[in-house]
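Structural overview for review
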Amino acid sequence: NSVFQGRSLLAEKDFTAAELEYLVDFGLHLKALKKAGIPHHYLEGKNIALLFEKTSTRTRSAFTTAAIDLGAHPEFLGANDIQLGKKESVEDTAKVLGSMFDGIEFRGFSQKAVEQLAEFSGVPVWNGLTDEWHPTQMIADFMTVKENFGHLKGLTLTFMGDGRNNVANSLLVTGAILGVNIHIVAPKELHPAPEIEALANKFAAESGAHILITDDLDEGMKGTNIIYTDVWVSMGESNWEERVKLLTPYQVNMAALKKTGTPDGQLIVMHCLPAFHDTTTEYGKEIEAKYGITEMEITDEVFRSKYGRQFEEAENRMHSIKAIMAATLGNLFIPRV
Ligand code: CP
Ligand code: NVA
């Protein structure tokens, strides 16, 4: 049996650099199999529950298609479909789901809930995003980085925007584990929480990653290989006015890209999506009416430029989620890494 069998993916901090990079490489391998049309039914006969308290396009689609490609049966259980959170506790729900399903994905608000699901279900639980972490996103993201640069260690990834959100937390800690230098460029009010920074510093001391948390754009952008951003207002929040005011200087635009000084071919832009880069959506129109802006965290120009890798990144969600599910639940042998 491998080190992955039966394990849950709740937060990146529970995995070593070798384990995380193994999942990245396994995702790349499964992507190659998919492109070549080679079957990979590592989860034949398994049942997978997909619990979503918050909305999703990529994570839901990725888990669904990944499960089917692996030979498993996915079952979507949305916030309005089941008793969880209203009539029934996480503990009781976990015991019931664990008796019927072989693995559980959970997207919701509280990290405690995903931890309790893992504790009481007895089956692998995969965190599809909580207010604190977005670990399945990280495997897809570092897979995308490795595809573009051929390696991870020594690269510099700069996150611009809300430095306290789930994606920023995950990038900071995962980069620190993997030896990828992480810059968080954000206003002081939105710098990472001290305990997240301490955790990242602990891992960075082992991996040799350089961590920089700053509100200074010139210092933060310099030498960057990957500029990464995410929405200014995450699911469950509604403090638009404050965020627009604080984060406008930290928009990913061509001026920010120039500040990196990085030669062409060595710089890419990533976004976990969804992104607010134009006003074609209902949401975009509402923001324009209220705040008079047509773009937020990333300009349409950068989004559509040769630097943008957000759609490759989105596709990689499927391949990487396959890797995560197959490694932790699959009928396959993975050597100790
Ligand atoms: N990046 C991501 O998690 O997208 P969804 O919210 O659409 O799942
Ligand atoms: N920070 C965002 C990520 C969405 C994938 C949110 O939590 O809404």
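Residues numbered from 1 in each chain as written. Chains lettered and ligands numbered in written order. Predicted model: local features only at pLDDT ≥ 70, side-chain atom pairs only at ≥ 80, totals over all residues.

In the nomenclature of an unreviewed UniProt entry, the chain corresponds to Ornithine carbamoyltransferase from the organism Secundilactobacillus similis DSM 23365 = JCM 2765. Its UniProt record gives the chain the following Catalytic activity (unreviewed entry) comment, quoted word for word: "carbamoyl phosphate + L-ornithine = L-citrulline + phosphate + H(+)". Looking at the chain in UniProt, the text filed under Subcellular location (unreviewed entry) is "Cytoplasm". (UniProt positions renumbered as here; feature names shortened; annotations may be inferred.)

1. Points about the site of ligand 2
Taken together, Leu129, Asn165, Asn166, Val167, Asp230, Val231, Ser234, Met235 and Cys272 are the residues near ligand 2. Residue composition of the shell around ligand 2, grouped by class: 5 nonpolar, 3 polar and 1 charged. (Near = placed C-beta within 6 Å. Nonpolar A, V, L, I, M, F, W, Y, C, P; charged D, E, K, R; others polar.)

2. Examining the sheet that holds strand β8 (residues 226-229)
Sheet architecture is open: 5 strands sit in the order β7-β6-β5-β8-β9, paired in parallel fashion. The outermost strands of the open sheet, each flanked by one partner alone, are β7 (211-214) and β9 (268-271). Taking each pair of neighbouring strands and ignoring which way they run, the sheet shows an average axis angle of 20 degrees. The pairing of strand β6 (residues 181-185) with β7 spans 4 bridges and is parallel. Looking at β7, one finds that Val185 is bridged to Thr214. The sheet strands contacting helix α6 (residues 166-178) are β5 (156-160), β6, β7 and β8, and the helix crosses β6 at an angle near 155 degrees. (Pairing = 2+ DSSP bridges. Helix = DSSP H or I, 4+ residues; strand = E, 2+ residues; numbered from the N terminus. Axes fitted to C-alpha atoms, helices over the stretch in contact; angles between N-to-C directions. Contact = placed C-beta atoms within 7 Å.)

3. Focus on unusual backbone geometry
Put simply, Leu273 and Pro274 share a cis peptide bond, and its omega is 5 degrees. Within the fold, Pro274 resides in the loop between β9 and α11 (282-291). Positive phi outside glycine occurs at Leu129, with the angle close to 120 degrees. Structurally, Leu129 can be placed in the loop between β4 (125-127) and α5 (135-149). Classification of Leu129 by C-beta neighbours within 10 Å gives buried; the count is 27. (Buried ≥ 20, exposed ≤ 12 C-beta atoms within 10 Å, placed from the backbone.)

4. Brief notes about α6
With 13 residues, α6 ought to run about 18 Å at 1.5 Å a step, and its terminal C-alpha atoms sit 18 Å apart, in line with that. Most of α6 is tucked away, with 13 of its 13 residues classed as buried. Immediately downstream of α6, the backbone of Gly179 shows phi near 85 degrees, a positive value. (Expected span 1.5 Å × (residues − 1).)

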